[in-house]
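The chain contents come next:
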Amino acid sequence: MSSAVPALGPLPSLGDLERWAAANGLLLRLQVDRRLGVWTLRVGVACVRPEGPPALVGELKGWALPTAAGLQLDTMRVVQAPPAVGPLIWAATFAWALEATPCRRARLLAIRDEERQHRRLVRYFRRLGFTPQRELAARVGDLPLRLVWGGSGLLMSGRCSEGLRRSSRLAQRLAMGPMKSRPLQE
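Sorry, what's going on with helix H1 (residues 14–23) here?
Along an α-helix, residues three or four apart share an orientation, since each turn contains 3.6 residues. Buried within H1 we find Leu14, Leu17, Trp20, Ala21 and Ala23. As for H1, its buried residues are in contact with strand S1 (26–35), helix H2 (85–100) and helix H5 (160–175).

Just checking my understanding: could you explain the layout of surface pockets for this structure?
The probe, sized like a water molecule, is rolled over the atoms to show the empty space still left. One number sums up the size of the largest pocket: a volume of about 620 Å³. Along the walls of the largest pocket sit 23 residues, with Met76, Trp90, Leu121, Tyr124 and Phe125 positioned nearest its centre. The dominant element in the lining of the largest pocket, judged by the number of residues it contributes, is strand S4 (residues 71–78), at 6 residues. Looking at the lining of the largest pocket, its residues break down into 16 nonpolar, 3 polar and 4 charged.

For this particular structure, what's the right way to read the packing of H1 against H2?
Two packed helices can be described by the angle between their axes and the distance between those axes. Where H1 meets H2, the axes come as close as 9 Å, and the angle between the chain directions of the two elements is 155°. Relative to H2, H1 is oriented roughly antiparallel. Seen along the crossing, H1 lies across H2 with a hand that is left-handed. Two secondary-structure elements touch here, H1 through Leu14, Leu17, Trp20 and Ala21 and H2 through Leu88, Ala91, Ala92, Ala95, Trp96 and Glu99.

Explain the nonpolar core to me, please; I cannot follow it from the model alone.
For soluble globular proteins, nonpolar side chains are generally found buried alongside one another. With 43 residues, the main nonpolar core has Leu17, Leu28, Leu71, Leu73, Phe94, Phe125 and Phe130 as its most contacted residues. The element contributing the most residues to this core is H2, with 10 residues. Those residues within four positions of phenylalanine 130 in sequence are excluded, and the remaining contacts are Leu73, Phe94, Ala106, Arg107, Leu108, Phe125, Met156, Ser157 and Gly158.

Would you explain the side chain of serine 157 in this entry?
Secondary-structure assignment places serine 157 in strand S7 (residues 153–159). Among the polar contacts listed, one links the side chain of serine 157 to the side chain of arginine 105, at a separation of 3.0 Å. When residues no more than four places from it in sequence are discounted, the contact partners of serine 157 are Arg105, Ala106, Arg107, Gly129, Phe130, Thr131 and Gln133.

Before we go on, may I ask you to explain the pattern of salt bridges in this structure?
Here the idea is simple: oppositely charged side chains can pair when their charged atoms come close. In the structure shown here, the tally under the stated rule is 9 salt bridges. When the shortest N-O distance is used, the salt bridge between arginine 19 and aspartate 16 registers 2.7 Å. Pair noted here: arginine 19 and aspartate 16 are both in helix H1, with a separation of 3 residues, about one helical turn. Where salt bridges share partners, they join Arg159, Glu162, Arg165 and Arg166 into one cluster.

Just to check I follow, could you spell out the sheet that holds S4 for this structure?
Note on sheets: strands pair through backbone hydrogen bonds, and any given pair is parallel or antiparallel. Strand order in the open sheet formed by 7 strands is S1-S2-S3-S4-S5-S7-S6, with mixed pairing between adjacent strands. Both edges of this open sheet fall to S1 and strand S6 (131–136), since each of them pairs with a single strand only. On average, each strand axis in the sheet is inclined to that of its neighbour by 25°, with strand direction left out of account. Pairing analysis gives 7 bridges linking strand S5 (residues 105–111) to S7, with the strands arranged antiparallel. Directly across from leucine 108, in S7, lies its bridge partner methionine 156. Helix-sheet contacts for H2 involve S1, strand S2 (38–47), strand S3 (55–64), S4 and S5, and the interaxial angle to S4 is about 155°. Against the sheet, helix H3 (residues 115–127) makes contact with S5, S6 and S7, and its axis sits at roughly 160° relative to S5, the strand it touches most.

Rules used in this analysis
Residues numbered from 1 in each chain as written. Predicted model: local features only at pLDDT ≥ 70, side-chain atom pairs only at ≥ 80, totals over all residues. Heavy atoms only, no water. Buried < 20%, exposed > 50% of the residue type's maximum accessible area, 1.4 Å probe, protein only. Helix = DSSP H or I, 4+ residues; strand = E, 2+ residues; numbered from the N terminus. Contact = heavy atoms within 4.5 Å. 1 Å grid on protein atoms, 1.4 Å probe; cavity = no way out; pocket = protein on both sides within 12 Å on 5 of 7 lines; lining within 4 Å. Points joined across faces, edges and corners; volume = space filled by probe spheres on them. Nonpolar A, V, L, I, M, F, W, Y, C, P; charged D, E, K, R; others polar. Axes fitted to C-alpha atoms, helices over the stretch in contact; angles between N-to-C directions. Parallel < 35°, antiparallel > 145°, perpendicular 65-115°, else oblique. Left-handed = near helix turned anticlockwise from the far one by under 90°. Core = buried A, V, L, I, M, F, W, Y, C linked by side-chain atoms within 4.5 Å. Polar contact = N/O pair within 3.5 Å; in protein donor to acceptor, adjacent residues only side chain to side chain. Salt bridge = Lys/Arg side-chain N within 4 Å of Asp/Glu carboxyl O. Pairing = 2+ DSSP bridges.

What is shown is where atoms sit, not what they do.
Written as C-alpha cells, this is what we have:
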C-alpha cells in the first residue's frame, strides 16, 4: 500500500474510514434518518473523477431497530468499482452501527434466487463473519420474514465488530495503493 494512504486499525471509526476512502480517491457518505425509533440507512461510495461529478459505484440499504441485534441489512449494489468498494461499504455500515446505535449484531438474507449464486452469497457472507441462523422457505411461520426480506433464503447473523474488523482488513488488502490510479470504466 502507498505510504500516502493511511492505514486502518483493527476497528476503525467511521471518520477513519471516510479519511481512508478520500485518500483512495473515493467519497464515502451515509444517509441516515430516524423515525419512530427506527433508523433507515443508505451507505454510498462514489469514485472521484478528474472531470465531472463523482460517479456512484456502490451502495447498501438497511435499517436498524434500537436493540443489540437490531441492524438489518437489505440491499447492496456495486457496479464497475475498484475492488475495495464492497468491503468499504460493509466496514462503514458496521462502524456506523457501533458508533450511533445500540446494535451489536446484524442480520441479512442470502437470497435464494439461483442455487449457484446463493452458494456464492453464503460463502461471501461467511467471510464477513456471518453465520447461518435458519432457512426461510415456504412455511407459514416464514411468511412475515419473507415479506420483510423480499424472498426466501438463508437468514444469517453476525457481530458488527467482527464484520468491521474483517471488512476493513479486506478493503486495505484489495486497495494495495491509491484507488484513484485505477480509472473508472464507463
